[in-house]
2 protein chains.
Amino acid sequence: MSLLSLFINAGLSAGGAVICYRLILDYIPIFIARKMYGNDQCKVSNAPVPEPMGVICAAVYLIVMFFFIPFPFYEWIGLDTFPYAKLLAILSGLISISTAILLGFADDMLDLRWRHKLLFPTLSSLPLLMVYYVSGNSTTVIVPTIVRHLVQPFVALPITINISFIYYIFMGMVIVFCTNAINILAGINGLESGQSLVISASVSLFNLVQVYRFGADETSQGFWHHIISLYFLLPFTACTAVLFYFNKYPSRVFVGDTFCYWSGMTLAVVSILGHFSKTLMLFFIPQTINFVYSIPQLFHLVPCPRHRLPKYDPESDTVSMSVAEFKKSELKTLGSIFITVCRSIGMLRVEEFEKDGEIYLRINNLTIINLVLKFAGPMHESSLNQLLMLIQMLSSCLAFFIRFYLASLFYDIVE
Amino acid sequence: MSLLSLFINAGLSAGGAVICYRLILDYIPIFIARKMYGNDQCKVSNAPVPEPMGVICAAVYLIVMFFFIPFPFYEWIGLDTFPYAKLLAILSGLISISTAILLGFADDMLDLRWRHKLLFPTLSSLPLLMVYYVSGNSTTVIVPTIVRHLVQPFVALPITINISFIYYIFMGMVIVFCTNAINILAGINGLESGQSLVISASVSLFNLVQVYRFGADETSQGFWHHIISLYFLLPFTACTAVLFYFNKYPSRVFVGDTFCYWSGMTLAVVSILGHFSKTLMLFFIPQTINFVYSIPQLFHLVPCPRHRLPKYDPESDTVSMSVAEFKKSELKTLGSIFITVCRSIGMLRVEEFEKDGEIYLRINNLTIINLVLKFAGPMHESSLNQLLMLIQMLSSCLAFFIRFYLASLFYDIVE
């Protein structure tokens, strides 16, 4: 029955994709008439590009999900054994997703303050975490074999440890990280939608593999965890694929913060409902590297310019690293240590020069996009996005390798 | 325990009101900077008024609800008797409300097409209706005693009839009606927020009366139905009161479609979760009259101008009826009948005049606002709103009278 629902879900997703395609074409002139557009900073022409088009796809996504909800529960309707906890899981996930979409759209329209942007996803995930709690879901983690062997002489560790509320803090952090990670790794045509597409397709593949492995026992919790994730991810992947089609070079639409929050929250929600939040982090390797590399600028240890997009050269129609310039004397100690370390391992281009008798530093902006350009040199925007997509796909391969091969080296039990 | 939760809910609502007040002040300049404002057409000055400020209050409302959810369930956490159906009811209501807010905000920003505006609330209420269905809620209606007595000689009617899926169609229509009714009765300072405030306060009072009456048996379904309605309505009333403070004459903010959808959906949701959707309609008497009176213009049986707001006279600082002018020959048959009937019972001012050898008609626009002005004559915008609020309050008194006194004449069983 669950598999039949999955086929229905796939069918509805395909329908959703067609509707997305038509609605996007429909709403492009409306967005422009309402002055909801941005200008592409890496193009010669300054034509308006409608933004945030993500809201259209997000609305279609919600409708597909609303339509779909009855199907997985059809066989239980009217029975005393109705799986309330499962319906609760889906509804709590949808609440978090729909409020994330609302937050994103409000952010696109209003440029919300940072503290409001961090507070809202945390609060909107409360229903999700509460449902996780009352459904008696496990907060137990498995202790890696190697750790147990290492501390064996001093203290006998159990195979599993119940970390209780720390697990909830971890899940809360996953939500905040995911809703912001895609937003931070952005700025060139097709990047936001492309990376989300690769991640959601990879996670779907991971779910399918697990569904196949658990398939022998359709009533097992593990089977349900990956089925529910697919219920959420197939429509998301379908709608995002259409959005990517319009968003890739040369962008006919921009996705907006709406899309980034929607996408991040959807991935966070499925990882929590599906009990694979640690595995999800493996699919976010480029985003994690980008976030860690950005920290000095995000927390102002190193001066941060308004925009950190790559620099466009209209002559050669290529993009190259953008830079930040500042007085060496203004640098904080931590920033100075960071620059020294990164420079020595080749992760940062640093130039010193003198102006008006003072020593200035010029460094590339701290994003993974600029880092790629540092190694690969200036290139066409389209090639740059393809290169970044390739990195994202290689990360997914690495994630599968770690999850299915390496994990068995560290853990006795790997499902 | 439920009553303790209700006190906590009231406390959180008060907190929400304070936050609304501060956030509105905070965001007024941001809305204006982002060009999200309207111009007040009934004022001499043309100062920009931020719109749609309803989205701020709606966001605070959602946060208050997310915070509140754990409290009513605290005593059951970890127990096998956890009331899943009750938590499901709350979550399904919140999904419908949050998608209504999203729809409203998108409508304010994008001027959505009519078919999208009607489709989306219908679909977003699917989870709500599905939860109603799987929770084994009744679709049985009581046959009025008088009807039973009248048809007794011909056919013996039972005391109750299960109308099954017709009940779901009725609930779906309640949702579509409520989400649009407040939007249609709008256009002068404080009207949208004021009418919603009166309705939500009246429904809350109705719930409190019922909670008091059912109070002897806290485990009864009836008790829970009115408690859950209060859980949703107290924060709504608190946030709306603050919004009304800013929205009343002279408006410092406009509420936008966001507010109208949010408000209508919240009221529809509580009436469905609380099983009093028929009673709710009694509190919507002015909106129902306004809708019925508007039908000829909404369905273009009579020509409908772009705006139907009252006409502002800067000389006297008053507003008076606005009118529609059209050739008599262009009138459709149904429209012609409507005009004849309404004119004969004094519900319409009709003037005939000749221009360029053709007979023209001039009628007042078909809204309850213009109807009030027809009877009461031109008046100050502030007085007009007070008069409309008074009508709304009298309707609430009438609703209580019908519900608690008249109903017992028609039904044997009135809870």
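Residues numbered from 1 in each chain as written. Chains lettered and ligands numbered in written order. Predicted model: local features only at pLDDT ≥ 70, side-chain atom pairs only at ≥ 80, totals over all residues. Heavy atoms only, no water.

Here is the rule we go by: UniProt positions are given in the numbering used here, feature names are shortened, and annotations may be inferred rather than shown by experiment.
Per UniProt, the comment on chain A under Cofactor (unreviewed entry) is "Mg(2+)".

**Details of the domain arrangement of chain A**
All names here are of chain A. Where we set the bar: Boundaries of every domain are those given by an automatic assignment or by a domain database. A contact between two residues is defined here by any heavy atoms of the two lying within 4.5 Å. Two parts lose some accessible area (1.4 Å probe) when they are put together, and adding that loss for both gives the buried area.
Segmentation of chain A into domains returns domain 1 (2–283) and domain 2 (311–376). Computed from C-alpha coordinates alone, the two centres of domain 1 and domain 2 are separated by 35 Å. The partner domain 2 presents six residues to the eight residues of domain 1 that form the contact. Of the roughly 510 Å² buried between domain 1 and domain 2 on both sides combined, carbon and sulfur atoms contribute 75%.

**Quick look at the packing of helix α10 (residues 221–247) of chain A against helix α11 (residues 256–273) of chain A**
When two helices pack together, you describe them by how their axes are tilted relative to each other and by the distance separating the axes. Residues and elements named next belong to chain A. Applied cut-off: Interaxial angle, 0 to 180 degrees, is taken between N-to-C directions of lines fitted to C-alpha atoms, where a helix line uses only the stretch in contact. Per the convention used, a helix needs a DSSP run of H or I reaching at least four residues, while a strand needs a run of E reaching at least two, with both numbered from the N terminus. Angle categories: roughly parallel below 35 degrees, roughly antiparallel above 145, roughly perpendicular from 65 to 115, and oblique for all the rest. For any pair of crossing helices, the crossing counts as left-handed if the nearer helix is rotated counterclockwise from the farther one by less than a right angle, and right-handed if it is rotated clockwise. Under the scheme applied here, ten amino acids are nonpolar (Ala, Val, Leu, Ile, Met, Phe, Trp, Tyr, Cys and Pro), four are charged (Asp, Glu, Lys and Arg), and all others, including Gly, are polar.
Interhelical geometry of α10 versus α11 gives an angle of 160 degrees and a closest axis separation of 9 Å. With respect to α11, the element α10 is oriented roughly antiparallel. Note that α10 runs across α11; the crossing there is left-handed. In contact with His225, Ile228, Ser229, Phe232, Leu233, Phe236, Cys239, Thr240 and Leu243 of α10, α11 contributes Phe259, Trp262, Ser263, Thr266, Leu267, Val270 and Leu273. For the contact of α10 with α11, the class distribution of residues is 11 nonpolar, five polar and no charged.

**Things to note about the environment of Ser124 of chain A**
Counted only if it meets this: Relative accessibility under 20% of the residue-type maximum defines a buried residue, over 50% an exposed one, and the middle range a partly exposed one, all with a 1.4 Å probe and only protein chains included. Two N or O atoms form a polar contact when they lie within 3.5 Å of each other; inside protein one atom must be a possible hydrogen donor and the other a possible acceptor, and for residues adjacent in sequence the pair counts only when both atoms belong to side chains.
Considering the arrangement of structural elements, one finds Ser124 of chain A in helix α5 (residues 114–124). Given the relative accessible area of 1%, Ser124 of chain A is considered buried. A C-alpha to C-alpha distance of 9.8 Å links Ser124 of chain A and Gly93 of chain A, two positions 31 residues apart in sequence. Among residues more than four places away in sequence, those in contact with Ser124 of chain A are Ser96, Thr99 and Met265 of chain A together with Phe66 of chain B. At 3.2 Å, the side chain of Ser124 of chain A forms a polar contact with the backbone oxygen of Pro121 of chain A.

**Focus: the interface of chain B and chain A**
Convention followed: By definition here, a salt bridge exists when the distance from a side-chain nitrogen of Lys or Arg to a carboxyl oxygen of Asp or Glu is within 4 Å.
Tallying the contact residues gives 49 residues for chain B and 49 residues for chain A. Here chain B and chain A share an interface that buries about 4500 Å² over both sides, 80% of which is from carbon and sulfur atoms. In this structure, Asp111 of chain B and Arg34 of chain A form a salt bridge, with 2.9 Å as the shortest nitrogen-oxygen distance. Our count for the chain B to chain A interface comes out at nine residue pairs in polar contact (both at pLDDT 80 or more). Every element with two or more residues in the side of chain B that touches chain A is listed here: α1 (2–33), α2 (54–68), α3 (70–73), α4 (84–110), α5 (114–124) and α6 (126–134) of chain B. It is α4 of chain B that contributes the most residues to the side of chain B that touches chain A, 17 residues altogether. Across the side of chain B that touches chain A, the residue classes break down as 37 nonpolar, six polar and six charged.

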